[in-house]
Amino acid sequence: MSINQDDLKRAVGQAAVDYIKPHLDDDSIIGVGTGSTANCFIDALAEVKHLFDGAVASSEASAERLKSHGIPVYELNNVPQLDFYIDGADEINARLEMIKGGGAALTREKIVAAVAKTFICVADESKQVDLLGNFPLPVEVIPMARSYVARELVKLGGDPVYREGIITDNGGEILDVYNLHIQSPSQLESDINQITGVITNGLFALRNANILLLGTQQGVKQITL
């Protein structure tokens, strides 16, 4: 019998807790991502909340979910270091480079990931790809720059579409860029971030994951660079 996607997400969420559990102590603060798979991790993390100090969340939604489980949430500016950041991905390749931002939390996710010593990606097998770009690449922009940035993204070969009705936790807007076949994720990440008005984009290549916990029909696979 095949395992459905929700079960795979719960399995990798639990696997992430099992992975970090031996490393936790009273001073540990954990970086937590955003999205359905990250939510499964948060729910599993609640079972061991007595083993660590608290968490830093990459979105208001994740912060509320953590608090609902009685897990203290800290501001990143008040935290000297994070041993782990756990988050999902919209796509991930063999080099553990990702597209993220389907939930519009890409900027805060990228900031928290930058602080963490170890980035653990939790994903089900549908997110694993050979070439990034089938999932549209989110780009967060300053609202007044949206049209200008869109024109510049067209020059890079993309087809940007304004994600209407979405305002990020930072007050930004999202352009989803279709029809990209991303041969060099690090280079494209840098090129897009150089466009004036871009806050950041959803390529996580300059800071990729260190570990992938991948939910498959044969169980959770651990892939480490």
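A. Summary view of the packing of aromatic side chains. On inspection of all chains with the given rule, the structure shows three aromatic pairs. For the ring pair Y19 and F84, a centre distance of 6.4 Å and an interplane angle of 90 degrees mean the geometry is edge-to-face. Here Y19 is found in helix 1 (residues 5–20), whereas its partner F84 is found in strand 3 (residues 82–87), with 65 residues between them in sequence. Taking the relative accessible area as the measure of exposure, F84 reaches 8% and is therefore buried.

B. Focus on the pairing of strand 9 (residues 173–178). The buried fraction of strand 9 amounts to five of the six residues, a majority that puts the element mostly inside the structure. Across five bridges, the pairing between strand 7 (residues 137–141) and strand 9 is antiparallel. From the neighbouring strand, V139 faces strand 9, where its bridge partner is L175. For strand 8 (residues 159–162) and strand 9, the ladder comprises four bridges, and the chain directions are antiparallel. Bridge pairing in strand 9 places P160 opposite V177.

C. How the structure looks around the sheet that holds strand 1 (residues 29–32). Strands sit in the order 2-1-3-6-12-13 across an open sheet of six strands; the sheet is mixed. Two strands bound the open sheet, and with one partner strand each, they are strand 2 (54–57) and strand 13 (219–224). Neighbouring strand axes in the sheet, compared pairwise and without regard to direction, differ in orientation by 25 degrees on average. Here strand 6 (residues 116–124) pairs with strand 12 (residues 211–216) via five bridges, running parallel. If you follow I120 over to strand 12, its bridge partner there is I211.

D. Focus on the sheet that holds strand 4 (residues 91–92). Spatially, the three strands line up as an open sheet ordered 4-5-11, and their pairing is antiparallel. One side of each edge strand has no neighbouring strand; the edge strands of this open sheet are strand 4 and strand 11 (203–204). In this sheet, strand 11 lies alongside strand 5 (residues 98–99) in antiparallel orientation, the contact comprising two bridges. Bridge pairing in strand 11 places M98 opposite F204.

E. The arrangement of the pattern of salt bridges in detail. On inspection of all chains with the given rule, the structure shows 13 salt bridges. R65 is the salt-bridge partner of D43, the closest N and O atoms lying 2.9 Å from each other. Placement of the pair is D43 in helix 2 (residues 36–45) and R65 in helix 3 (residues 60–68), with a sequence separation of 22 residues. Since its relative accessible area comes to 29%, R65 is described here as partly exposed. With a closest N to O distance of 3.9 Å, K67 and E64 form a salt bridge. Of the two residues, K67 and E64 are both situated in helix 3; the distance of three residues between them amounts to about one turn of the helix. For K67, a relative accessible area of 46% gives the class partly exposed.

F. Seen up close, the nonpolar core. Within the largest apolar cluster, 25 residues are counted, with the highest numbers of intra-cluster contacts made by I20, I30, F41, L45 and I86. Every element with two or more residues in this core is listed here: helix 1, strand 1, helix 2, strand 2, helix 3, strand 3, strand 6 and strand 12. The element that contributes the greatest number of residues to this core is helix 1, accounting for five residues. Ignoring any residue separated from it by four or fewer positions in sequence, one finds I20 in contact with I30, F41, L45, F84, I86 and I120. One finds V79, Y85, I92 and M98 within the second-largest nonpolar core, a separate group that totals 20 residues.

Reading the values: rules and limits
- Residues numbered from 1 in each chain as written.
- Predicted model: local features only at pLDDT ≥ 70, side-chain atom pairs only at ≥ 80, totals over all residues.
- Heavy atoms only, no water.
- Phe/Tyr/Trp six-rings, centres within 6.5 Å; stacked < 30°, edge-to-face > 60°.
- Helix = DSSP H or I, 4+ residues; strand = E, 2+ residues; numbered from the N terminus.
- Buried < 20%, exposed > 50% of the residue type's maximum accessible area, 1.4 Å probe, protein only.
- Pairing = 2+ DSSP bridges.
- Axes fitted to C-alpha atoms, helices over the stretch in contact; angles between N-to-C directions.
- Salt bridge = Lys/Arg side-chain N within 4 Å of Asp/Glu carboxyl O.
- Core = buried A, V, L, I, M, F, W, Y, C linked by side-chain atoms within 4.5 Å.
- Contact = heavy atoms within 4.5 Å.

Keep in mind these numbers describe shape, not what the thing actually does.
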